[in-house]
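Here are the chains, one letter per residue:
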Amino acid sequence: MLTMNLVNDTTLTWEPSVGASTYEVVWRSTNAADWEYVQTVTSGTRATVQVSKDNVIFGVRAVDAAGHRSLPVVPEPER
């Protein structure tokens, strides 16, 4: 998660996963137990979500061609 700029959008980057055909960025309120929202990323390993990084918890998961999803990985801040 890129944190060097003070903007309301959140940009996430990740390493490619072997076998992944797409990725999903998921997020939830800090007090929610389950992922509430998802944005599919069909190409590349970078996504910008129009959600403030200060208000939610993000995760990124890989999805293979059959629709199997990995466990979400919570990103670390990058400066």
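That block above? That's the structure.
To start, this report covers the structure provided alongside it. Since this is a predicted model, take the numbers as computed values, not measurements.

1. Quick notes on the sheet that holds strand E2 (residues 22-29)
The strand order E3-E2-E5 describes an open sheet built from three strands, whose pairing is antiparallel. This sheet does not close on itself; its edge strands, each paired only once, are strand E3 (37-41) and strand E5 (56-63). The average angle at which neighbouring strand axes cross in this sheet is 20 degrees, direction not considered. Two strands pair when backbone bridges link them, and E2 and E3 are joined in this way by five bridges, in the antiparallel orientation. Bridged to Glu 24 within E3 is Thr 40.

2. Comments concerning the pattern of salt bridges
Counted by the stated rule, this structure contains two salt bridges. The partner of Glu 24 in a salt bridge is Arg 69, with the nearest N and O atoms 2.9 Å apart. Of the two residues, Glu 24 sits in strand E2 while Arg 69 sits in the segment after E5, which places them 45 residues apart along the sequence.

3. Observations regarding the pairing of E5
For E5, the buried fraction is high: seven of the eight residues fall into the buried class. Examined bridge by bridge, E2 and E5 share eight bridges and lie antiparallel to one another. Note that in E5 the partner of Tyr 23 across the bridge is Ala 62.

4. Structural notes on the packing of aromatic side chains
This model, assessed by the stated rule, comprises three aromatic pairs. Between Trp 27 and Tyr 37, the ring centres sit 5.7 Å apart and the planes meet at 25 degrees, which makes this aromatic pair stacked. In this pair, Trp 27 is assigned in strand E2 and Tyr 37 in strand E3, connecting sequence segments 10 residues apart. Overall, the relative accessible area of 46% leaves Tyr 37 in the partly exposed class. Among the aromatic side chains, those forming a connected cluster through ring pairs are Trp 27, Tyr 37 and Phe 58. Note that Arg 28 overlies the ring of Trp 35, its terminal NZ or CZ placed 5.5 Å from the centroid.

Conventions and cut-offs
- The residue count restarts for each chain, going from 1 along the sequence in the order it is written.
- In keeping with the predicted nature of the model, local features appear solely for residues at pLDDT of at least 70, side-chain atom pairs appear and are counted solely at 80 or more, and the whole-chain, interface and lining totals rest on all residues.
- Only hydrogens and water are removed before side-chain values are computed, so all heavy atoms of the structure are retained for them.
- Strand pairing is defined by DSSP finding a minimum of two bridges between the two strands.
- We count a stretch as a helix when DSSP gives it H or I for four or more residues in a row; a strand needs E for two or more, and each element gets its number in order from the N terminus.
- Axes here mean lines fitted to C-alpha atoms, for a helix over just the part in contact, with angles spanning 0 to 180 degrees between N-to-C directions.
- Here, a salt bridge means any Lys or Arg side-chain nitrogen found within 4 Å of an Asp or Glu carboxyl oxygen.
- Summary of the burial criterion: residues with accessible area below 20% of their type's maximum are buried, those above 50% are exposed, and those between are partly exposed, where the area comes from a 1.4 Å probe applied to protein chains only.
- Note on aromatic contacts: the rings of Phe and Tyr and the six-membered ring of Trp form a pair at centre separations within 6.5 Å, being stacked when their planes are under 30 degrees apart, edge-to-face when over 60 apart, and tilted otherwise.
- In our convention, an over-ring charge means Lys NZ or Arg CZ found within 6 Å of a ring centre and within 35 degrees of that ring's normal.

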